[in-house]
Amino acid sequence: MSTRSQSAGFTLIELLVAVAILGVLATLAGVAVFHGTARARVSNAAFEVGALYTAAQMRATSMGVPHYVVFHDDGTDFGAYLLERPDSVGAYNWASDDVLNPALVRGTVHERLRLSRESGLGFVDLSRPGLRPLPAPFATITLTPSGSGRLLGGCTFCTAGTGGARGVIRFSPDGTVRFLTGSAEAGGVIAFAPDSRGVQSGIPRLVVVAAPAGAIRVF
């Protein structure tokens with residue numbers, strides 16, 4: 001009786017299966033790396049904003065001059081900056097005028113955060129289901145978006161005006177905090193989340209500041 005000898009190599013089907021498995025594994029690894037980077041980017045942005053709040057608060061109380069944290073979003077680029085601005089330079093309409101025009105805003109910019117043009121970062125829509133209320137002592141701050149769209153959807157105190165959306169927080173020399181945009185009396189929230197091609201996923205990071213006490217927390 002003749003017997004069929006076993007082949008020492010792989011058949012074409014086996015090679016195709018092996019290639020397919022490797023492709024799937026490579027895709028999964030790429031997805032894991034991307035989402036891990038996105039989560040890190042979200043956490044970094046949240047803690048950088050929290051640090052900007054703290055810097056504004058400390059500078060205002062130590063120097064006796066009001067400091068402002070100004071968020072801005074012109075539809076393409078979004079970020080925030082820390083502004084030292086004495087009351088003596090005059091009033092300014094933060095809710096509608098262009099916050100990116102230094103000739104109008106006046107004051108001294110000490111730090112800028114560039115929060116866009118890097119993959120994996122966006123704002124979470126605060127109206128989406130599943131977001132838990134804030135714990136005490138921040139429970140009186142409602143997670144209600146100030147509008148639709150990127151910054152407006154992820155911010156409880158922002159508004160639209162000349163040059164795009166903005167959100168402005170004043171840190172006074174006496175340690176109190178006041179929101180100059182929106183209607184956030186108890187405090188304000190800005191929420192970051194991973195954003196890939198407009199699809200939000202993952203757990204957001206919320207940066208909270210209470211008013212008028214000025215307590216700051218990142219959740």
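Now for a quick tour of the structure. The model shown is predicted, which means the values in this text are computed figures rather than measured ones. (Residues numbered from 1 in each chain as written. Predicted model: local features only at pLDDT ≥ 70, side-chain atom pairs only at ≥ 80, totals over all residues. Heavy atoms only, no water.)

### Points about the nonpolar core
Logical step 1: Ranked by size, the top nonpolar core spans 34 residues in total, and within it Tyr53, Phe71, Phe157, Ile169, Ile190 and Phe192 carry the most contacts.
Logical step 2: Ignoring sequence-local partners within four residues, the contact set of Phe71 consists of Val49, Tyr53, Gly79, Ala80, Leu151, Phe157, Ala165, Arg166, Gly167, Ile169 and Ile190.
Logical step 3: Core analysis: the second largest hydrophobic core is formed by 12 residues, Val124, Leu134, Val189 and Ala210 among them. (Core = buried A, V, L, I, M, F, W, Y, C linked by side-chain atoms within 4.5 Å. Buried < 20%, exposed > 50% of the residue type's maximum accessible area, 1.4 Å probe, protein only. Contact = heavy atoms within 4.5 Å.)

### Section: the state of the cysteines
One covalent bond between the sulfur atoms of two cysteine residues makes up a disulfide.
Logical step 1: As enumerated under the stated definition, the model contains 1 disulfide in all.
Logical step 2: For Cys155, the disulfide goes to Cys158, at an S-S distance of 2.2 Å. Of note, the bridge from Cys155 to Cys158 carries an S-S torsion of about 85° and is right-handed in sense.
Logical step 3: Classification of Cys155 as buried rests on a relative accessible area of 0%.
Logical step 4: Given the relative accessible area of 3%, Cys158 is considered buried. (Disulfide = S-S within 2.5 Å.)

### Here's the deal with the sheet that holds strand S4 (residues 122-123)
Logical step 1: In space, the 4 strands of this open sheet follow the order S4-S8-S11-S12, with antiparallel pairing throughout. Looking at strand neighbours, the two that pair on one side only are S4 and strand S12 (216-218), the edges of this open sheet.
Logical step 2: Across 2 bridges, the pairing between S4 and strand S8 (residues 187-193) is antiparallel. Directly across from Phe123, in S8, lies its bridge partner Phe192. (Pairing = 2+ DSSP bridges. Helix = DSSP H or I, 4+ residues; strand = E, 2+ residues; numbered from the N terminus.)

### Digging into the environment of Ile190
Logical step 1: Take Ile190: it is sitting in strand S8.
Logical step 2: Through-space distance from the C-alpha of Ile190 to that of Thr156 is 6.6 Å; in sequence the pair is 34 residues apart.
Logical step 3: Apart from residues lying up to four places away in sequence, Ile190 is in contact with Val49, Tyr53, Phe71, Phe123, Leu151, Gly154, Cys155, Arg205, Leu206 and Val207.

### Some words on the packing of aromatic side chains
Logical step 1: Taken as a whole and judged by the stated rule, the model has 9 aromatic pairs.
Logical step 2: Measuring from centroid to centroid gives 5.7 Å for Phe138 and Phe219, while their planes differ by 80°, and the two rings are edge-to-face. Pair noted here: Phe138 is in the loop between S4 and helix H3 (150-153) and Phe219 is in the segment after S12, with a separation of 81 residues, a long-range link.
Logical step 3: Phe138 gets classed as buried once you look at its relative accessible area, which sits at 4%. (Phe/Tyr/Trp six-rings, centres within 6.5 Å; stacked < 30°, edge-to-face > 60°.)

### Some points on the pattern of salt bridges
Logical step 1: Within the structure shown, the criterion is met by 3 salt bridges.
Logical step 2: The partner of Asp73 in a salt bridge is Arg150, with the nearest N and O atoms 2.6 Å apart. Residue Asp73 is found in strand S1 (residues 67-73), and its partner Arg150 is found in helix H3; the two are separated by 77 residues along the sequence.
Logical step 3: Its relative accessible area of 7% is what places Asp73 among the buried residues.
Logical step 4: Here Arg150 falls in the partly exposed class, since its relative accessible area comes to 30%. (Salt bridge = Lys/Arg side-chain N within 4 Å of Asp/Glu carboxyl O.)

### Regarding the pairing of strand S6 (residues 164-171)
Logical step 1: Among the 8 residues in S6, 8 count as buried, and that is most of the element.
Logical step 2: When S1 meets S6, the two strands line up antiparallel, connected through 7 bridges. Bridge pairing in S6 places His67 opposite Phe171.
Logical step 3: Across 3 bridges, the pairing between strand S5 (residues 159-161) and S6 is antiparallel. From the neighbouring strand, Thr159 faces S6, where its bridge partner is Arg166.
Logical step 4: Where S5 hands over to S6, the hairpin turn is made up of 2 residues, of which Gly163 adopts a positive phi near 90°.
Logical step 5: Pairing between S6 and strand S7 (residues 177-179): 3 bridges, direction antiparallel. Considered in S7, the bridge of Phe171 is made with Val177.
Logical step 6: Hairpin geometry of S6 and S7 is characterised by an intervening segment of 5 residues between the two adjacent antiparallel strands and by a positive phi of about 90° at Gly175.

### Structural notes on the side chain of Gln57
Logical step 1: Examined against the element boundaries, Gln57 turns out to sit in helix H1 (residues 12-63).
Logical step 2: Here Gly214 takes part through its backbone oxygen, which lies 2.8 Å from a polar atom of the side chain of Gln57.
Logical step 3: What Gln57 contacts, discounting residues up to four positions off in sequence, is Phe171, Gly175, Val177, Ala213, Gly214 and Ile216. (Polar contact = N/O pair within 3.5 Å; in protein donor to acceptor, adjacent residues only side chain to side chain.)

Treat this as a map of the structure, not an account of what it does.
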